[in-house]
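Summary of the model geometry
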Amino acid sequence: MPEDIREKPSLNHEDILELNFIRAPGIYFYRRHYCQGLRSHIMEVLDPEDVEDETKGIMIDGLRSYPRAEPLKMLRIYRTRFKTIEDGEEELKRVRIVGTYLAPDYVARSEEFLTDYTRNEKHEILLCGLQEYVKGEVLDPWSHLDKDHLISLLRNMGCDKGEDLVTTSDQWIHSVKEKVESFIGRVKKMIVEANHVPDLAGVGNLLLTRSGDIKLVDINNISNLSFDAIINLDDRNYPVCDKSIQALPMLEQKLLGRPLDRNDLIYKTFLDPKRMEDVQAIEEEFHLSMKPTISYSGTS
């Protein structure tokens, strides 16, 4: 009996071609993306010619180069099981909420779709997403985020031209701060108006681009929240809602140099010292419950 694709630890090109809704052999090559989470498989959608250049190399000025194939799109296959089409549509509603508040500037554009997944003559509902590929460096709210760190991210994106880096980095950091300020405002508005928050806690969920943009690339663990004493857990028993909100003041303090506003309704509720202590205990319990070979890297 073929293994359920949602239960496989990882996928390869052949696994994708075996899906009943994927045209085989097709015109694309599918490769496992390095960032994998608990909630979905993430596959790079590649041009086979680019893969061949990466493998065999190309000649440039008499030297052979092996340029890494850059994804055309990202295919996300959700592990979530849906009993009814209505359950799947409810999940899509949460994705649309994020798009309403963050698109197009602060979220990687994605087209989610529910499809018929056929396995052993049994039909089930599968949620997938075809998302734009965002090239950038990880913005981790829990890292230092000082000027030196931001410059190192810019260097990693190919800007390392000596003295030019000084001027470029100052302009880029200024742009980053402006975009982060706007991003935080949009997320807070989503929290207050729609009572939802995306996963900002997972490593790799936020990216900075060379143009100074901030992009949310993980949109498949969106929490419903309420301003009460209850600490909501996701279906993996992780306090992703509280941890996501904890990321916001870190970005404000570290990148914008703002002191924590204790009168802010969001922070007043979710950054209460006793609540944060309880959240930390739940998080530690979550890590202990995981297998030794698995660590939390977001709930993608």
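Everything quoted here is computed from the prediction, not taken from an experiment.

Another point: the overall build of the chain. Within the chain one finds eight helices and twelve strands. What you see for the chain is a C-alpha radius of gyration of 21 Å, in line with the 19 Å of a compact globule of 300 residues. C-alpha extents for the chain along the principal axes are approximately 60 × 55 × 40 Å. Looking at the chain as a whole, 48% of its 300 residues qualify as buried. For the chain, long-range pairs separated by at least 24 residues make up 66% of all intrachain contacts whose partners lie at least 6 apart in sequence. Accessible surface, the chain as shown: approximately 15,900 Å² in total, 50% of it carbon and sulfur.

This paragraph deals with helix H3 (residues 85-102). Compared with the 26 Å implied by 1.5 Å per residue over 18 residues, the 26 Å span of H3 between its first and last C-alpha is a close match. Turning to H3, its buried residues are Gly88, Glu91, Leu92, Val95, Ile97, Val98, Tyr101 and Leu102.

The final tally for this structure, using the stated rule, is three aromatic pairs. Considering the side-chain rings of Phe227 and Phe270, the 5.8 Å spacing of their centres and the 70 degrees angle between planes classify their relative orientation as edge-to-face. Of this pair, Phe227 sits in the loop between strand S12 (223-224) and helix H6 (240-256) while Phe270 sits in helix H7 (residues 265-270); the two residues are 43 residues apart in sequence, bridging distant segments of the chain. Judged by relative accessible area, which is 1%, Phe270 ranks as buried.

Let us now look at the side chain of Lys8. Secondary-structure assignment places Lys8 in the segment before helix H1 (13-17). In this structure Lys8 comes out as buried when scored by relative accessible area, which is 16%. When sequence neighbours within four positions are dropped, the list of residues in contact with Lys8 reads Glu3, Asp15, His41 and Arg79.

This part is about the side chain of Asp234. Structurally, the position occupied by Asp234 is in the loop between S12 and H6. A relative accessible area of 11% places Asp234 in the buried class. Of note is the side chain of Asp234, whose polar atom sits 2.8 Å from the backbone nitrogen of Arg236. Only 2.9 Å separates the side chain of Asp234 from the backbone nitrogen of Tyr238, close enough to count as a polar contact.

Right, let's get into the pairing of strand S5 (residues 73-78). By the criterion of burial, S5 is predominantly enclosed, with five of the six residues buried. Bridge count for strand S2 (residues 40-46) against S5 is six bridges, and the pairing is antiparallel. Within S5, the position partnered with Met43 by the bridge is Leu75. In terms of strand pairing, S5 meets strand S7 (residues 122-131) through four bridges, oriented antiparallel. If you follow Ile77 over to S7, its bridge partner there is Cys128.

Rules used in this analysis
- Residues numbered from 1 in each chain as written.
- Predicted model: local features only at pLDDT ≥ 70, side-chain atom pairs only at ≥ 80, totals over all residues.
- Heavy atoms only, no water.
- Helix = DSSP H or I, 4+ residues; strand = E, 2+ residues; numbered from the N terminus.
- Rg over C-alpha atoms; globule rule 2.2 N^0.38 Å.
- Buried < 20%, exposed > 50% of the residue type's maximum accessible area, 1.4 Å probe, protein only.
- Contact = heavy atoms within 4.5 Å.
- Areas by Shrake-Rupley, 256 points an atom, 1.4 Å probe, with all protein chains shown as cover.
- Expected span 1.5 Å × (residues − 1).
- Phe/Tyr/Trp six-rings, centres within 6.5 Å; stacked < 30°, edge-to-face > 60°.
- Polar contact = N/O pair within 3.5 Å; in protein donor to acceptor, adjacent residues only side chain to side chain.
- Pairing = 2+ DSSP bridges.

This is a description of form; function is not addressed.
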